[in-house]
Amino acid sequence: MEKVIGIDLGTTNSCVAVVEGDTPSVVPNRGGYKTTPSMIAVTEAEKRLVGHIAKRQAITNAENTVYASKRLIGRKWQSPPVMAAKESAPYKVSEGPHDDVRIELRGKLYSIPEISAMILQEMKIVAEDYLGELAEKAVVTVPAYFNDNQRQATRDAGLIAGLEVIRIINEPTAAALAYGFGKKIDRLVAIYDLGGGTFDISILEIGSNEVFKVISTAGDTFLGGEDFDTRIMDWLVQGFMDDHGVDLRQDKMALQRLKDAAEKAKIELSGQNEVEINLPFIISVGQNEALHLQRSLRRESFEELCVDLISRTVDICAATLRESGLDKGEIEDVILVGGMTRVPAVQKAVSEFFGREPCKGVHPDEVVALGAAIQAVALVDEGSEMLLLDVTPHTLGIMIVGGYFEELIPQNSTVPTERSKIFTTVRDNQTAVKILVLQGESERAEENELLGEFVLTGLRKAPKGQIEVEVTFEINADGIVSVSAKDLETGLKQSINVTASSGLTPDEIKDMVEDSKDYLVDRRSTEEFDTARQDAEKIIRELDRMFSKVEEMVTGSEFGQEALAKAKDLIERSHKAIEARDLQMVLESIEILKRTQKMFKGVLARS
């Protein structure tokens with residue numbers, strides 16, 4: 001069976017998992033970490049950095065280091081989250097050519113799917129290094145409350161990264177798959193998923209027959225750990241302003257140091273009651289005066305700063321339960337997902353709302369990737385009996401007269417599904433109807449997301465209200481929406497497959513795929529060269545240590561002196577090959593160096 005991987009593309013950290021035999025496991029990166037920061041950077045030498053290495057240089061290269069890009073994926077330029085990022089992010093957020101979002105790094109504009117692709121490609125490399133073979137197919141997770149454009153943007157990111165994304169699944173659903181995998185249980189569970197950038201709540205029914213059915217889901221795609229960090233940052237900025245009259249927001253390096261300190265303080269407060277935040281030389285003022293930041297933050301104060309954020313998650317949980325028609329007492333397990341669920345105040349709020357202690361049997365940072373890997377194997381294994389029944393997170397419908405939104409497929413409808421409604425003409429002698437396909441929860445059409453539009457023509461001229469048009473929405477298991485309109489009198493029909501947009505054209509995606517391939521070739525060749533260089537330098541160091549001893553032993557021997565001269569020449573040529581970064585010459589040198597090393601060892605052994 002071909003190897004498929006599961007990837008949790010997170011706002012703060014990403015994670016990749018595989019299933020070997022019947023065991024799903026998270027794959028550690030080269031540093032031994034099971035999660036990788038979802039950060040990319042471009043250095044002054046225009047070298048791309050991803051993950052931990054990008055995070056380590058974020059303070060000194062703040063303007064060219066991107067974090068939390070997932071919050072911007074698939075969004076329109078004028079959307080509130082984008083405007084918020086434009087004001088607060090140290091990197092430059094710009095308007096793209098298709099009402100999308102671009103980020104400028106070292107003078108070059110990158111789309112958000114392109115940024116996400118760099119992270120996905122890193123996860124692909126991590127998996128391939130572990131497996132020892134190519135990993136070309138993947139299941140990638142997204143927040144349950146992502147709309148179709150955000151999901152399509154994630155698919156495009158996978159394509160750019162060189163992955164065939166065989167399925168996009170919701171993060172809470174993936175967590176439930178990992179929780180119930182192999183247990184043969186009947187259970188009604190709530191998945192409370194509070195990550196770095198998004199919040200989701202899903203109610204699922206897990207069957208002992210390996211059927212996982214989502215009953216309802218809801219969330220907020222702009223609520224997560226980043227917002228908790230911001231509250232601490234604002235508190236620090238305001239305190240510094242009160243003490244020194246200086247606004248730290250005006251200095252991008254200071255702002256990045258504040259963000260780093262806020263995140264660390266938040267994490268530490270999950271295990272202790274008070275933390276000391278100490279940032280010496282945070283900013284310079286005047287000629288040579290440097291100011292320092294030093295403040296103590298107690299857990300109670302942190303909880304007060306963020307109480308409304310936690311309350312928002314609880315309100316969404318309550319709305320989801322109402323939508324599901326279930327009572328809190330019917331929920332048998334509450335599963336916490338995402339790093340933010342380590343915060344004691346979050347755990348307390350969840351326990352109080354559901355009236356039970358959350359389940360501690362899953363790893364909040366790894367469970368989503370594990371579930372994605374389990375789903376990946378189920379999709380390619382013909383013998384798998386696992387069945388996943390998910391729901392559409394948003395209402396689908398069309399615009400009707402007056403600019404209102406008419407629902408056809410309600411939120412939380414199990415997919416695949418199909419719904420139809422009959423509409424009539426609204427004007428006398430109307431010969432065509434324009435169908436605007438929308439997604440969202442607002443009664444006003446303009447406040448929802450436009451997914452597509454088409455026109456049904458050739459209607460018979462008649463007084464308004466006499467011509468009936470049947471509109472049908474269909475969603476398949478992959479989430480592809482098809483919409484048709486039929487004149488019931490003549491049978492005339494028009495339809496479209498609604499293709500969500502990531503904000504990229506096919507040509508742009510094609511160019512990005514090629515750039516991604518070039519990067520991978522360069523990276524692989526660089527890694528191969530670095531390995532060869534290290535091997536060559538190791539042998540050269542050993543030869544250098546043996547040289548004087550061998551020289552003493554062959555003194556007076558014409559053959560021996562000639563061999564030493566050749567060895568010196570070889571070492572010099574090897575150094576030149578390394579300086580020139582000539583991989584082929586270094587590899588050839590290694591073979592000769594090894595023979596010389598063997599000869600030297602033989603000479604010394606005879607002494």
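Scroll up a little and you will see the structure.
Residues numbered from 1 in each chain as written. Predicted model: local features only at pLDDT ≥ 70, side-chain atom pairs only at ≥ 80, totals over all residues. Heavy atoms only, no water.

A. Inspection of the sheet that holds strand E9 (residues 101-105) at higher detail. The three strands are arranged E8-E9-E10 in an open sheet whose pairing can be described as antiparallel. The open sheet terminates on both sides in strands that have one partner only, identified here as strand E8 (92-95) and strand E10 (108-111). Direction aside, the axes of adjacent strands within the sheet are offset by 40° on average. Two strands pair when backbone bridges link them, and E9 and E10 are joined in this way by four bridges, in the antiparallel orientation. Among the inter-strand pairings, Arg102 is bridged to a residue of E10, identified as Ser111. (Pairing = 2+ DSSP bridges. Helix = DSSP H or I, 4+ residues; strand = E, 2+ residues; numbered from the N terminus. Axes fitted to C-alpha atoms, helices over the stretch in contact; angles between N-to-C directions.)

B. Highlighting the packing of aromatic side chains. By the definition in use, this model includes four aromatic pairs. Ring geometry for Phe353 and Phe354: centres 4.8 Å apart, planes at 90°, overall edge-to-face. Taken as a pair, Phe353 and Phe354 share a single burial class, namely buried. Positioned above the aromatic ring of Tyr519 is the side chain of Arg48, whose terminal nitrogen or guanidinium carbon lies 3.6 Å from the ring centre. For Arg71, the ring lying beneath its charged end belongs to Phe222, and the centroid distance is 4.1 Å. (Phe/Tyr/Trp six-rings, centres within 6.5 Å; stacked < 30°, edge-to-face > 60°. Buried < 20%, exposed > 50% of the residue type's maximum accessible area, 1.4 Å probe, protein only. Lys NZ or Arg CZ within 6 Å of the ring centre and 35° of its normal.)

C. Focus on the pattern of salt bridges. Under the definition given, this model contains 30 salt bridges. The partner of Glu406 in a salt bridge is Lys421, with the nearest N and O atoms 2.9 Å apart. In this pair, Glu406 sits in strand E21 (residues 404-409) while Lys421 sits in strand E22 (residues 417-424), placing the two residues 15 residues apart along the sequence. For the salt bridge of Arg460 with Glu489, the shortest nitrogen-to-oxygen distance reads 2.6 Å. (Salt bridge = Lys/Arg side-chain N within 4 Å of Asp/Glu carboxyl O.)

D. Region of interest: unusual backbone geometry. A cis geometry characterises the amide bond from Val415 onward to Pro416, with omega recorded as 0°. Its location among the elements puts Pro416 in the loop between E21 and E22. With a phi close to 55°, Ala68 is a non-glycine residue in the positive phi region. Among the secondary structure elements, Ala68 is positioned in the loop between strand E7 (65-66) and helix H2 (80-88). Residue Lys184 is not a glycine yet carries a positive backbone phi of 55°. Within the fold, Lys184 resides in the loop between helix H5 (171-180) and strand E13 (187-194).

E. Expanded view of helix H3 (residues 112-131). Taking 1.5 Å of rise per residue, the 20 residues of H3 would be expected to cover 28 Å, and the 29 Å separating its terminal C-alpha atoms lies within 8% of that figure. With 18 of its 20 residues buried, H3 lies for the most part within the structure. (Expected span 1.5 Å × (residues − 1).)

F. Up close: the pairing of strand E16 (residues 274-285). Bridge count for E16 against strand E17 (residues 289-298) is nine bridges, and the pairing is antiparallel. Following the sheet pairing, Val285 is matched in E17 by Glu289. Hairpin connection of E16 to E17: three residues between the antiparallel strands, including Gly286 at a positive phi of 65°.

G. Quick peek at the nonpolar core. Grouped together as the largest cluster of nonpolar side chains are 55 residues, with contacts concentrated most on Ile5, Ile7, Val16, Ile40, Leu105, Leu120 and Val140. Here this core takes 10 residues from H3, the largest share from any one element. Discounting residues that sit within four places of it in the chain, Ile5 has contacts with Val16, Ala17, Val18, Lys124, Ala127, Leu131, Ala135, Lys137, Ala138, Val139, Leu163 and Ala376. Core analysis: the second largest hydrophobic core is formed by 54 residues, Leu188, Leu223, Cys306 and Val343 among them. (Core = buried A, V, L, I, M, F, W, Y, C linked by side-chain atoms within 4.5 Å. Contact = heavy atoms within 4.5 Å.)

H. Region of the structure containing the state of the cysteines. If you walk through the whole model with that rule in mind, you get zero disulfides. The thiol of Cys15 is unpaired, and the distance to the nearest cysteine sulfur, on Cys359, comes to 18 Å. (Disulfide = S-S within 2.5 Å.)

I. Region of interest: the side chain of Thr141. Considering the arrangement of structural elements, one finds Thr141 in strand E11 (residues 137-142). Classification of Thr141 by relative accessible area gives buried; the value is 1%. There is a polar contact of 3.5 Å between the side chain of Thr141 and the side chain of Asp8. Sequence-distant contacts of Thr141, that is, excluding residues within four places in its chain, are made with Ile7, Asp8, Leu9, Ile169, Glu171, Ala174, Val368 and Ala372. (Polar contact = N/O pair within 3.5 Å; in protein donor to acceptor, adjacent residues only side chain to side chain.)

J. Here's a closer look at a negative patch on the surface. A cluster of like negative charges, contributed by Asp507, Asp511, Asp515, Asp518 and Asp522, occupies part of the molecular surface. With respect to the helices, strands and loops of the structure, Asp522 is situated in helix H11 (residues 506-553). (Patch = residues over 30% accessible without salt bridge, like charges linked within 9 Å, V, L, I, M, F, W, Y side chains within 5 Å. Areas by Shrake-Rupley, 256 points an atom, 1.4 Å probe, with all protein chains shown as cover. Lys, Arg positive; Asp, Glu negative; His and termini not counted. Charge placed at Lys NZ, Arg CZ, Asp CG, Glu CD.)

K. How the structure looks around the environment of Pro37. Mapped onto the elements of the fold, Pro37 is located in strand E4 (residues 36-37). C-alpha separation for the pair Pro37 and Asp242, spaced 205 residues apart in sequence, amounts to 34 Å. Not counting the four nearest positions on each side in its chain, Pro37 is found in contact with Thr12, Asn13, Gly51, His52 and Lys55.

L. Local environment of the sheet that holds E7. Strand order in this open sheet of three strands is E6-E5-E7, and the pairing throughout is antiparallel. Edge positions in the open sheet fall to strand E6 (48-50) and E7, since each of these has one partner strand only. As paired elements, strand E5 (residues 40-42) and E6 share three bridges and run antiparallel to each other. From the neighbouring strand, Val42 faces E6, where its bridge partner is Arg48. On the sheet, H3 packs against E5, E6 and E7 and is oriented at approximately 65° with respect to E6.

M. Main features of the packing of H3 against H11. Contact geometry for H3 and H11: axes closest at 12 Å, N-to-C directions at 40°. Relative to H11, H3 is oriented oblique. Regarding H3 and H11, the two cross each other, and that crossing is right-handed. Contacts between H3 and H11 involve Glu114, Gln121, Glu122, Ile125, Glu128 and Asp129 on the former and, on the latter, Met512, Ser516, Tyr519, Leu520, Arg523 and Arg524. Each residue belonging to the contact of H3 with H11 can be placed in one class, and the counts come to four nonpolar, two polar and six charged. (Parallel < 35°, antiparallel > 145°, perpendicular 65-115°, else oblique. Left-handed = near helix turned anticlockwise from the far one by under 90°. Nonpolar A, V, L, I, M, F, W, Y, C, P; charged D, E, K, R; others polar.)

N. Quick look at the side chain of Ser413. Tracing the sequence through the fold places Ser413 in the loop between E21 and E22. Look at Ser413 and you get buried, because its relative accessible area is 5%. A polar contact of 2.7 Å, which involves the side chain of Ser413, links it to the backbone oxygen of Pro410. Those residues in contact with Ser413, other than ones at most four positions away along the chain, are Asp390, Val391, Thr392 and Arg419.

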